[in-house]
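# What the coordinates show
Spelled out, the chains give:
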Amino acid sequence: MKSAFQPDNSKNSRIFSVRDTENSRLLDVTQSMENDEENEDEKEDEKMSKYCNPLIFIIIFLVVLVILMLSLVVFWKLEVGESCPKNCPELPNECKTAECVALAGTLLSWQNTSVDPCEDFYEYTCGKYHEHTANEGTRMHEKDEIVLNLIKHFILKNQSTNSRSEIALKLLYKSCTESHRRENIEDHIERVQVEIFQNIQKIGKWPIADKNWKESDFDLNEMLTNMAKLHMQDFGFFETGLVEYPINGSPKQLIIRPSLDRFSISQEKLAETIFDVLRFSGHDALRKNLLRDVQESLDLDKELGNFYISLNSWPISASLEEVQSAVPNIDFERIMKSFLHPEHGNWTRLKAKISSGRFDSFFNSKNNISAIISRTKPRILANYLILKYIEYAQFFYALAPISLESEYDTCLMVITSFLPRAAIRVFVRNHFKKENKAVASELVDVIKKAYIEMIQNSTWLHEETRKKAILKVETLKKVIGYTEEYEKEGALDAMFETNLRISESIMLGNHFQLHLSPQDSFFTLMTKINRFKTEQLMEYVSSDSLFNPVEKTTTANAYYYHSKNLLSVLVPFLDKPLFDFQYPKYVAMAGVGRILAHEIGHAFDTKGRHFNELGEKTDWWTPEDSVEYDKRVMCLRDQFENFKDPSYGGRQNDSETASEMVADALGLEASWIALESMDMSKEESLVKFGNEDFRKLFFQVAALDFCSPTRIDTHHPRFLVDLSHPTNRFRINGAFSNLESFAKTYECPVGSRMNPEKKCRMF
Ligand SMILES: [Zn+2]
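Rules behind the numbers
Residues numbered from 1 in each chain as written. Predicted model: local features only at pLDDT ≥ 70, side-chain atom pairs only at ≥ 80, totals over all residues. Heavy atoms only, no water. UniProt positions renumbered as here; feature names shortened; annotations may be inferred. Disulfide = S-S within 2.5 Å. Helix = DSSP H or I, 4+ residues; strand = E, 2+ residues; numbered from the N terminus. Buried < 20%, exposed > 50% of the residue type's maximum accessible area, 1.4 Å probe, protein only. Phe/Tyr/Trp six-rings, centres within 6.5 Å; stacked < 30°, edge-to-face > 60°. Donors = N, O, S within 2.8 Å, 3.2 Å for Na, K, Ca; no water. Core = buried A, V, L, I, M, F, W, Y, C linked by side-chain atoms within 4.5 Å. Contact = heavy atoms within 4.5 Å. Salt bridge = Lys/Arg side-chain N within 4 Å of Asp/Glu carboxyl O. Pairing = 2+ DSSP bridges. Axes fitted to C-alpha atoms, helices over the stretch in contact; angles between N-to-C directions.

Looking at an unreviewed UniProt entry, one finds the chain named Peptidase M13 C-terminal domain-containing protein and attributed to Caenorhabditis nigoni. In UniProt, the chain has this text filed under Cofactor (unreviewed entry): "Zn(2+)".

Counted according to the given criterion, the structure contains 5 disulfides. Sulfur-sulfur distance for the disulfide between Cys-176 and Cys-411 comes to 2.1 Å. On the sign convention where negative means left-handed, the S-S torsion of about -80 degrees between Cys-176 and Cys-411 marks this disulfide as left-handed. Residue Cys-176 is located in helix α7 (residues 164-179), and its partner Cys-411 is located in helix α18 (residues 410-418); the two are separated by 235 residues in the primary sequence. This pair shows no difference in class: Cys-176 is buried, exactly as Cys-411 is.

With the rule as written, the count across this model stands at 30 aromatic pairs. Between Phe-359 and Phe-362, the ring centres sit 6.0 Å apart and the planes meet at 90 degrees, which makes this aromatic pair edge-to-face. The same class applies to Phe-359 and to Phe-362, which are both buried. Geometrically, the ring pair formed by Trp-621 and Tyr-629 is edge-to-face, given 5.1 Å between the ring centres and 65 degrees between the ring planes. For the pair shown, Trp-621 and Tyr-629 are each scored as buried.

Take the coordination of the zinc ion next. Around the zinc ion, the protein contributes the donor atoms His-598 (NE2), His-602 (NE2) and Glu-660 (OE), which lie 2.0 to 2.1 Å from the metal centre. The sequence pattern describing where the donors of the zinc ion fall on their chain is H-x3-H-x57-E. Like His-602, His-598 is buried.

A few words now on the nonpolar core. Core analysis: the largest hydrophobic core is formed by 135 residues, its most contacted members being Phe-121, Tyr-451, Phe-573, Phe-604, Leu-686 and Phe-736. With 11 residues, helix α27 (residues 655-677) is the largest single contributor of residues to this core. Setting aside residues no more than four positions away along its own chain, Leu-686 makes contact with Glu-94, Cys-100, Leu-103, Ala-104, Leu-107, Pro-584, Tyr-586, Val-587 and Leu-697. Val-192, Leu-304, Leu-350 and Phe-362 belong to the second largest nonpolar core, which has 64 residues in total.

What the rule picks out here adds up to 37 salt bridges. Asp-293 is the salt-bridge partner of Arg-292, the closest N and O atoms lying 3.3 Å from each other. Between Asp-664 and Arg-731 there is a salt bridge whose closest N-O contact spans 2.8 Å. Here Asp-664 is found in helix α27, whereas its partner Arg-731 is found in helix α29 (residues 728-737), with 67 residues between them in sequence. For the residue pair Asp-664 and Arg-731, the accessibility class agrees, reading buried in each case.

Another point: the sheet that holds strand β2 (residues 239-243). The pairing of strands in a sheet happens through backbone hydrogen bonds and is either parallel or antiparallel. Within the open sheet, the 4 strands sit side by side as β2-β3-β5-β4. Their pairing is mixed. Looking at which strands have only one partner, the edges of the open sheet turn out to be β2 and β4 (317-319). Strand-to-strand twist across the sheet, computed as the mean angle between neighbouring axes with direction ignored, equals 40 degrees. Bridge analysis of β2 against strand β3 (residues 253-257) gives 5 bridges, and the strand direction is antiparallel. Its bridge partner being in β3, Gly-241 is matched across the sheet by Ile-255.

What follows is the structure in structure tokens.
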């Protein structure tokens, strides 16, 4: 059998020729020295002294050294196998997929082995991170950018497509960038004003713009209904919104509540905006009357904002019928029906999900919005509703031109925010391994089992609390990437198809279609897309689906929702380099597994522990267990307080940070238990880590996601959000130092920084 070090002939000849050239060059030097000897016989004495000169020996020594080093380079090239020969034998148990090799490279290049892992494990794993990346955050941040760039690359590729969702993305992106170009921005704003005026015509007659307006032209419910058709959900008098919190056994509700936002612009600014809308549409208005009309609307808005909104009104539920009888002049049913798709929307199902609270502005018997409507002049009411629409439309569509020139691609943000499913579909179809989804889903199940084991083995939880905690883990729901209904080929695309017959789209479970045209302006495209999203959202509220259609899809992250007891994992998080289905199990558990375990840990963090398995806010802990829990949280908080970290600045040791520390502590322990429960005997090793204990690699891989450049500037706009978490250094050193198994794996002496005598532990 050929040894790994025996190169094939072609390789040999290449290497030898390199050596020969080197040799001949060296020989030339020696020959010239010999020539000198022959020609200069008379200088023998000098010659002798030359040979005795220590300088010559140094030169010869250096020459030999160079030869040795060159041979070493050649030898090393052979061994590493820059281009391993065909018959290069398989090294047993090494994972050789591109993802595994890249991961091994990352581990090797980011680590700083001159640091003692028992003193500073963060530095040991991440010490050279900044030498290898220009990325400002962690590799998860980098993945976010990569995904966005892949989507952008796809959109800009001049390739024709039959996919309607891809066409929609391309259309919206093109329209967004073109309309917001500096040279087009004035035309764009002018066109928006004209289209706003056209939409106002759809809402109803507008006294400000119509000298012939008369009271009999006013129909409150007609106007409100038409506003809803334009996908508005805040009407000034009340607003509607999706609430994912269980009420009366229903986990999702469309609620009716008082409007929370009031006009945020001044009388002058509002009048100016109206003036523009009228001017560009060829309608003039008397500026004097305009100011008066605007002031009347502002006064009404202020009056509507005077109601006391008590948090206690919620979630004390009120039914649609109750709100309807308290506010008889608003036809809630008619308005909310118009959120639905005219043909396929199911009112019976949606109606069952509508609820409200006993809010003052609805139920106060002396003064409520019904009384205000009755005593306000119709002219003021009509103007008020139109002004609400104008403010909304301006805010929604007038992207500041300057934002297009910033380092962010605003239009890329627009398409991924407004067409999140179409955007992620591009990534899934072109870059994502579907096997990753299934393997990650199994990983979640293993982690759930580990949680149950951890809770069962808790030394302090009372039986009552223990049972409830286990129930919460058992009933935890998950969305891994996307739900089953989107597995079917073309399922997502069907939503965008215009040439499908209705029966086909019903078969695919989708009733809603988006019809976009290249002739549509950016404003029209956005209006259609938002209407489409409203219809989708109503379907989501009415159904049992766990996949919220308006949530962002393109970030490399995972989330836990207290009120749903749901773990949601986004697709980019399940992709290289963070995850791969062929990663050895200990790698998968350390990386993505550890973060999923962290997310599940939020079910028991300082906030999450107040919600039960259904997502209802309730105290299911015995009083003694609550006291003990708080004591253990305090241990973590003290640890963070005393932790020295250059990037601590700006962070608060508050309950928010405490929640994250609890999730870290629980997640790390659970993923370790899960690791120990798995059979690792058949798992492959990583290249260059052949003899390394997989337990050591578990911790090193687990730390990779927290490697980041040291940031003192915590006010950087992109990282402000990270202030809610402890520093990355603490999330490694602090969290790992609490784990007995870490100290054991790395044989850290008691009292070393990574193996302190006092450890904090949650369960
Ligand atoms: Zn967290």
